[in-house]
Amino acid sequence: MKRVITYGTFDMLHYGHINLLKRAKQMGDYLIVVLSSDEFNWEAKQKKTYFSFEKRKQLLEAIRYVDLVIPENSWDQKISDMQAWQVDEFVMGDDWAGKFDYLAEQTGVNVTYLARTPEISTTQIKNDLNRK
Ligand code: C2G
């Protein structure tokens, strides 16, 4: 079974996230989403999410492409995640291009950056709503 993994905040879930998850799942048989905890989002990414971790997890678990959702608590957990979950494919949007190549060198996983879906982001949604 080919295991795929991806990481993210996935706040205010939108079609850009779905496009990413769909393509990630197409690269294997089992998709693990490592979901940023509320604390990690604030401490590491200065992101205050609209939905809590539990709500974001519930939304992701309802998506047909997603097989498992686990928490992301640190930038440094990726290597151990690759090993613990016997990952074959690491997939991220290309806004992260190059940032995780070390995973291929250190764990042998295949690293792929997929094109982001244009014109949609959580920030864009918030800005558009504020303008209305
Ligand atoms: N994404 C996308 N197209 C968009 C918006 C997002 O393909 N229009 C992708 C991102 O490239 C990322 C995933 O959807 O691969 C989740 O996006 P975010 O929730 O913004 O994730 P981020 O905050 O970048 O967290 O350790 C890695 C981090 O946790 C990634």
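Calculation criteria
- Residues numbered from 1 in each chain as written.
- Predicted model: local features only at pLDDT ≥ 70, side-chain atom pairs only at ≥ 80, totals over all residues.
- Heavy atoms only, no water.
- Helix = DSSP H or I, 4+ residues; strand = E, 2+ residues; numbered from the N terminus.
- Rg over C-alpha atoms; globule rule 2.2 N^0.38 Å.
- Buried < 20%, exposed > 50% of the residue type's maximum accessible area, 1.4 Å probe, protein only.
- Contact = heavy atoms within 4.5 Å.
- Areas by Shrake-Rupley, 256 points an atom, 1.4 Å probe, with all protein chains shown as cover.
- Near = heavy atom within 4 Å.
- Polar contact = N/O pair within 3.5 Å; in protein donor to acceptor, adjacent residues only side chain to side chain.
- 1 Å grid on protein atoms, 1.4 Å probe; cavity = no way out; pocket = protein on both sides within 12 Å on 5 of 7 lines; lining within 4 Å.
- Sits in = over half its atoms within 2 Å of the grid points.
- Pairing = 2+ DSSP bridges.
- Axes fitted to C-alpha atoms, helices over the stretch in contact; angles between N-to-C directions.
- Points joined across faces, edges and corners; volume = space filled by probe spheres on them.
- Nonpolar A, V, L, I, M, F, W, Y, C, P; charged D, E, K, R; others polar.
- Core = buried A, V, L, I, M, F, W, Y, C linked by side-chain atoms within 4.5 Å.

On to the overall build of the protein chain, then. Scanning the protein chain from terminus to terminus reveals six helices and five strands. Helices and strands appear in the protein chain in the N-to-C order β-α-β-α-α-β-α-β-α-β-α. Computed over C-alpha atoms, the radius of gyration of the protein chain comes to 14 Å, within 12% of the 14 Å expected from 2.2 N^0.38 for 132 residues, which places it in the range of a compact globule. Projected onto its principal axes, the C-alpha coordinates of the protein chain cover approximately 50 × 30 × 25 Å. Counting the 132 residues in the protein chain, one finds 43% classified as buried. Looking at the protein chain alone, contacts between residues at least 24 apart form 65% of all its contacts between residues at least 6 apart. Accessible surface, the protein chain: about 7400 Å² in total, of which carbon and sulfur atoms supply 50%.

A few words on the site of the ligand. Lining the immediate environment of the ligand, one finds 21 residues, of which Lys47, Glu72, Lys78, Asp95 and Ile120 sit closest. Taking Thr9, its main chain carries an N or O atom lying 3.0 Å from an oxygen atom of the ligand. At 2.7 Å from an oxygen atom of the ligand is found a side-chain nitrogen or oxygen belonging to Lys78. A total of 640 Å² of accessible area belongs to the ligand in isolation, and the protein chains cover 95% of it. If you map the ligand onto the pockets, it falls in the largest pocket.

Along the chain, Thr6 turns up in strand β1 (residues 3–8). Once you skip the residues sitting within four places of it in the chain, Thr6 turns out to touch Leu20, Leu21, Leu31, Ile32, Val33, Val34, Val91 and Met92. Reaching out from Thr6, the side chain makes a polar contact with the backbone oxygen of Val91 at a distance of 2.6 Å.

Pairing within the open sheet is parallel, and its five strands lie in the order β3-β2-β1-β4-β5. On the outer flanks of this sheet lie β3 (68–72) and β5 (110–114), each paired with one strand and no other. Looking at each pair of strands side by side, their axes are set apart by 25° on average, direction ignored. In terms of strand pairing, β1 meets strand β2 (residues 30–36) through six bridges, oriented parallel. Note that in β2 the partner of Thr6 across the bridge is Val33. Where helix α2 (residues 38–45) meets the sheet, its contacts fall on β1, β2 and β3, and the angle it forms with β2 comes to roughly 65°. Strands β2 and β3 of the sheet are contacted by helix α3 (residues 53–61), whose axis makes an angle of about 165° with β2.

In this structure, the largest pocket encloses a volume near 680 Å³. Around the largest pocket sit 32 residues that line it, and Thr9, His17, Lys47, Asp95 and Arg116 are the ones nearest its centre. Elements supplying a minimum of two residues to the lining of the largest pocket: β1, α1 (15–25), β4 (89–93) and α6 (122–131). Of the residues contributing to the lining of the largest pocket, the split by class is 10 nonpolar, 12 polar and 10 charged.

Leu21, Leu31, Val33, Leu60 and Val66 are the most contacted members of the largest nonpolar core, which has 16 residues in total. For this core, the secondary structure elements donating two or more residues are α1, β2 and α3. Contacts of Leu31, omitting those with residues within four sequence positions, involve Val4, Ile5, Thr6, Leu21, Ala24, Lys25, Tyr65, Val66, Asp67 and Leu68.

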